[in-house]
Amino acid sequence: MANNEDLFKNIISHSKEYGYIFPSSEIYDGLSAVYDYGQYGAELKKNLRDYWWKSMVQMNENIVGIDAAIFMHPTTWKASGHVDAFSDPLIDNKDSKKRYRADVLVEDHMAKIEAKITKEVEKAKARFGESFNEETFRSTNARVLENQTKLNDIHTRFKNALEANDLADVRQLIIDCEIVCPVSGSRNWTEVRQFNLMFSTAMGSVSEEAATIYLRPETAQGIFVNFLNVQKTGRMKIPFGIAQTGKAFRNEIVARQFIFRMREFEQMEMQFFVKPGTELEWYERWKETRMKWHNSLGISSEKYRFHDHIKLAHYANAACDIEFEFPFGFKELEGIHSRTDFDLSSHEKFSGKKLRYFDAEDNESYIPYVVETSIGLDRLFLAVLSTAFQIEKLNTQEGEESNERVVLRLPDFLAPVKVAVLPLVKKDGLPDRALELFHSLKPHFMCQYDEKDSIGKRYRRQDAIGTPLCVTIDHQTIEDGTATIRHRDSMQQERVPMDKIASILREKIDASVKA
Ligand code: ATP
């Protein structure tokens, strides 16, 4: 655990040192849970957004993309249920004065029990080797059984309490599970209260005219209110989807995990409109499609898992998360929800406008059901960055004094800078030749030109920002028109003709998508 904590700290400081992520308004000591993306962070984020957009919109004839406004008519949030029900249960520890999400305290406690069970199973697996039967072991080992019963009991009680909105029992569960505050170590808890997460502001220049409006807490509602506009103007036939990416805002109770939980963040959502009765089939299809998409990023599939929701939201008839193993454990990365016809029906009621689809094949009109996929771009960024970040011991030294390098092994197609062009020395016409190559590559790839410091230092700088290729121009280039390509991951070098560099680069970038 300590190791992972160190790793996480290293990632945060590396992000800042190398222009990926800065605390917001840092010169004023920052703003809690708000971050700015720097010159490389903005590129990586854009590449991730573009990849999502391409796989959703460009690759699916029946999905189109929109860009709705952040501000929406305030009734939107009445209809969606956010004004009345978009809240988290909060609890304070009276000794440390720290605030927590009561549900997260219980979930973390359950995760600890689950980890104990997994450890027990792993130990036995190592002991018995080939002959090990996990199912038998789980159903007979006394310690595993005891923990499993404990876990099941907590799970049932937690689910019932949440469903009944019984906050007193959520508190009692925290007490009965003997959950302590990680800061004070005490069990001196306040009552549990609901806290609405929406930010509000006022629209209108004269105060009497001002209306309270909200900063959208999810992008989905911008899609629902435009359902008919898009369906009619795009002549869309069910099943079809509407996708969008954009900012969302939530006044999170606890926001201590870097860009994992922010108060201003970006979502990439897709609402898929289907015929009633077919939604669970589509729900399964989208679960599978989205998991495949994650695997196409080239990260080990063991880092992902599905997690069914314990309590279904008021609008859902099936829901799960794709969880990712972040440096601080498995946590939600993406939600996949079967939202029934809740949103469209509710908007119909509140707006008085019909939001129906006429199905010409079946000659009937209905309110479509919706399956949504919803991923946080910042969380995706953190998943990709934390997997890519590595500190490596080196045998070869590439002319450098340090025998360690920090490298971001990002998938090539996501890297902020694709190629760096480096003249070996700053004389003998090498910079001119290097600049010529740089200018020829620039219209096609994000490139950098760097002539400062030793070549070893320049390689390290490019490793640290994740540039897949460096091209070095040396004296032989002037003689025979070849240059050295140096690969980030293997650090291997090869000599290639200058006029082949663009195509080598293009092939390398294309090959890094694992779809
Ligand atoms: P959590 O349980 O972690 O609060 P959630 O279930 O409320 O998340 P959803 O409402 O399903 O999240 O939102 C969809 C996606 O938006 C999440 O899977 C996550 O990737 C992202 N997301 C939600 N809240 C935040 C946040 N505060 N900061 C960054 N990303 C977020």
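You'll find the structure just up there.
Residues numbered from 1 in each chain as written. Predicted model: local features only at pLDDT ≥ 70, side-chain atom pairs only at ≥ 80, totals over all residues. Heavy atoms only, no water.

A. Region of the structure containing the nonpolar core. Formed by 77 residues in total, the largest nonpolar core has its most connected members in Y20, L297, L380, F381, I473 and I501. Considering each element in turn, this core owes the most residues, eight residues, to helix α13 (residues 377-388). Non-local contacts of L297, meaning those with residues more than four positions away in its chain, are made with Y51, Y304, L380, V384, P411, F413 and L414. Listed in part, the 28 residues of the second largest apolar core include I154, F158, L173 and C181. (Core = buried A, V, L, I, M, F, W, Y, C linked by side-chain atoms within 4.5 Å. Buried < 20%, exposed > 50% of the residue type's maximum accessible area, 1.4 Å probe, protein only. Helix = DSSP H or I, 4+ residues; strand = E, 2+ residues; numbered from the N terminus. Contact = heavy atoms within 4.5 Å.)

B. Representation of the site of the ligand within the structure. Near the ligand you find 17 residues, and of these E252, R261, M262, E332 and L333 are the closest. The contact in question runs from a nitrogen atom of the ligand to an N or O atom on the side chain of E252, over 2.7 Å. In this structure, Q267 approaches the ligand through a side-chain N or O atom, which is 3.3 Å from an oxygen atom. In isolation the ligand has 590 Å² of accessible area, and contact with the protein removes 86% of it. (Near = heavy atom within 4 Å. Polar contact = N/O pair within 3.5 Å; in protein donor to acceptor, adjacent residues only side chain to side chain. Areas by Shrake-Rupley, 256 points an atom, 1.4 Å probe, with all protein chains shown as cover.)

C. Broad picture of the side chain of S15. Of note, S15 is situated in helix α1 (residues 2-17). S15 sits in the buried class, given a relative accessible area of 1%.

D. The pattern of salt bridges, seen in detail. Evaluation of the coordinates by the stated rule reveals 44 salt bridges. R101 is paired through a salt bridge with D88; the nearest N and O atoms lie 3.4 Å apart. Of this pair, R101 sits in strand β5 (residues 99-101) while D88 sits in strand β4 (residues 87-92), and the two are 13 residues apart along the sequence. The exposure class assigned to D88 is buried, which follows from its relative accessible area of 11%. Among the ionic pairs, R356 bridges to E348, the shortest N-O distance being 2.9 Å. Overlapping salt bridges, with partners in common, bring together E392, R405, R409, D412, R460, D463, R486, R488, D489 and K508 in one network. (Salt bridge = Lys/Arg side-chain N within 4 Å of Asp/Glu carboxyl O.)

E. Inspection of the sheet that holds β5 at higher detail. One open sheet holds the three strands; their spatial order is β5-β4-β6, and the pairing between them is antiparallel. A strand with exactly one partner marks an edge of an open sheet, and here the two such strands are β5 and β6 (193-196). Taken pair by pair, the neighbouring strands of this sheet meet at an average axis angle of 45 degrees, ignoring direction. When β4 meets β6, the two strands line up antiparallel, connected through four bridges. (Pairing = 2+ DSSP bridges. Axes fitted to C-alpha atoms, helices over the stretch in contact; angles between N-to-C directions.)

F. Local environment of the environment of F350. Within the secondary structure, F350 sits in helix α12 (residues 342-351). Overall, F350 belongs to the partly exposed group, its relative accessible area being 44%. Sequence separation between F350 and S80 is 270 residues, and the spatial gap between their C-alpha atoms is 9.6 Å. Among all residues touching F350, those that are not within four sequence positions of it are T75, K78 and A79.

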